[in-house]
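Structural overview
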Amino acid sequence: MPRAIATGSEPAIPQVDPAPCMAAAIVNDDDGIVSACGIVIDSDKTERADRIKALIARAGVWQRRDMIDRAIEDYGTVLRLDPSQADILNARGELWRKKGDRPKALQDFGAALKLNPNHPLAKANYKSLALELERLGALLAVNNKPSFNCAAAKRPVEKAICDNPELANLDREINAVNTRVVGDASRADRRAGRALQREQDDFLARRNAAFGQGDYDLQKAMRERLDHLLAIGH
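Thresholds, definitions, all that
Residues numbered from 1 in each chain as written. Predicted model: local features only at pLDDT ≥ 70, side-chain atom pairs only at ≥ 80, totals over all residues. Heavy atoms only, no water. Helix = DSSP H or I, 4+ residues; strand = E, 2+ residues; numbered from the N terminus. Rg over C-alpha atoms; globule rule 2.2 N^0.38 Å. Buried < 20%, exposed > 50% of the residue type's maximum accessible area, 1.4 Å probe, protein only. Areas by Shrake-Rupley, 256 points an atom, 1.4 Å probe, with all protein chains shown as cover. Lys, Arg positive; Asp, Glu negative; His and termini not counted. Charge placed at Lys NZ, Arg CZ, Asp CG, Glu CD. Disulfide = S-S within 2.5 Å.

Per the secondary structure count, the protein chain includes 11 helices and two strands. Beginning at the N terminus, the succession of helices and strands in the protein chain can be written as β-β-α-α-α-α-α-α-α-α-α-α-α. By the compact-globule yardstick of 17 Å for 234 residues, the protein chain is too spread out, its C-alpha radius of gyration being 30 Å. Here the C-alpha coordinates of the protein chain stretch approximately 100 × 40 × 30 Å along the principal axes. Per-residue burial over the protein chain gives 35% buried out of 234 residues. Carbon and sulfur atoms form 53% of the exposed surface of the protein chain, whose accessible area is close to 14,400 Å². Charge separation in the protein chain, taken as the distance between the mean sites of 36 positive and 34 negative side-chain charges, equals 6 Å.

Attention now moves to the state of the cysteines. For the structure shown, the criterion picks out two disulfides. Here C21 engages in a disulfide with C37; their sulfurs sit 1.9 Å apart. Between C21 and C37, the S-S torsion sits near 90°, and that sign places the bridge as right-handed. Taken together, the residues C21 in helix α1 (residues 19–26) and C37 in helix α2 (residues 30–42) connect sequence positions 16 residues apart. Across this residue pair, the class does not change: C21 and C37 are buried. Paired by a disulfide, C150 and C162 hold their sulfur atoms 2.1 Å apart. Its S-S torsion of approximately -100° makes the covalent link between C150 and C162 left-handed. Here C150 is found in the loop between α7 (120–142) and α8 (156–162), whereas its partner C162 is found in helix α8, with 12 residues between them in sequence. Once the bonded cysteines of the protein chain are numbered in order along the sequence, the disulfide links fall as 1-2, 3-4.

Geometry only, nothing functional implied.
In structure tokens form, the structure reads like this:
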């Protein structure tokens, strides 16, 4: 048991023993880690290296318990104590990504790679997240836009689609799925591909002719067409 050594009239604060924290970490005793490592973390007398080990161990518990904010906080303290920890930057980046904060995740993965350009996990995470952000950017660029140029739209049905974001997205999805379905069919049988494209052309002709009639539900017709195409694609 550690002893307090008096200096003058004030007793000295005893040195904290990190052994129970490390022992709990070795056997993955999560409750023991939270308890024993918490003491090590909170003590002013803890050596820097021991505090870092305790913080990493406790962050692992928070991560296993899906307590993402607490894990991020502990990893952040580790990085303030030692900014050179590439593994911790990568680990925190994964948590930011899980939390949905992609910019902070990408920043941490990039910082890890600056410290260790050959870090395999950080390299893979950075690449996959960069591609994900690129795809999201492409999706945002076409969001609420149909498959055709609204500036050149002349038919009343096309103008109606352009004026309604939900219809615009439906139109773009129909076009994208139809393109995929026709392409897949054409690779196996060109006649089958042409038949599917004629089916799409017929749908558009019926849509153009029926729009504006009292009993015609454009949104319903477009959803039914999309569902049909999706069924073919499966």
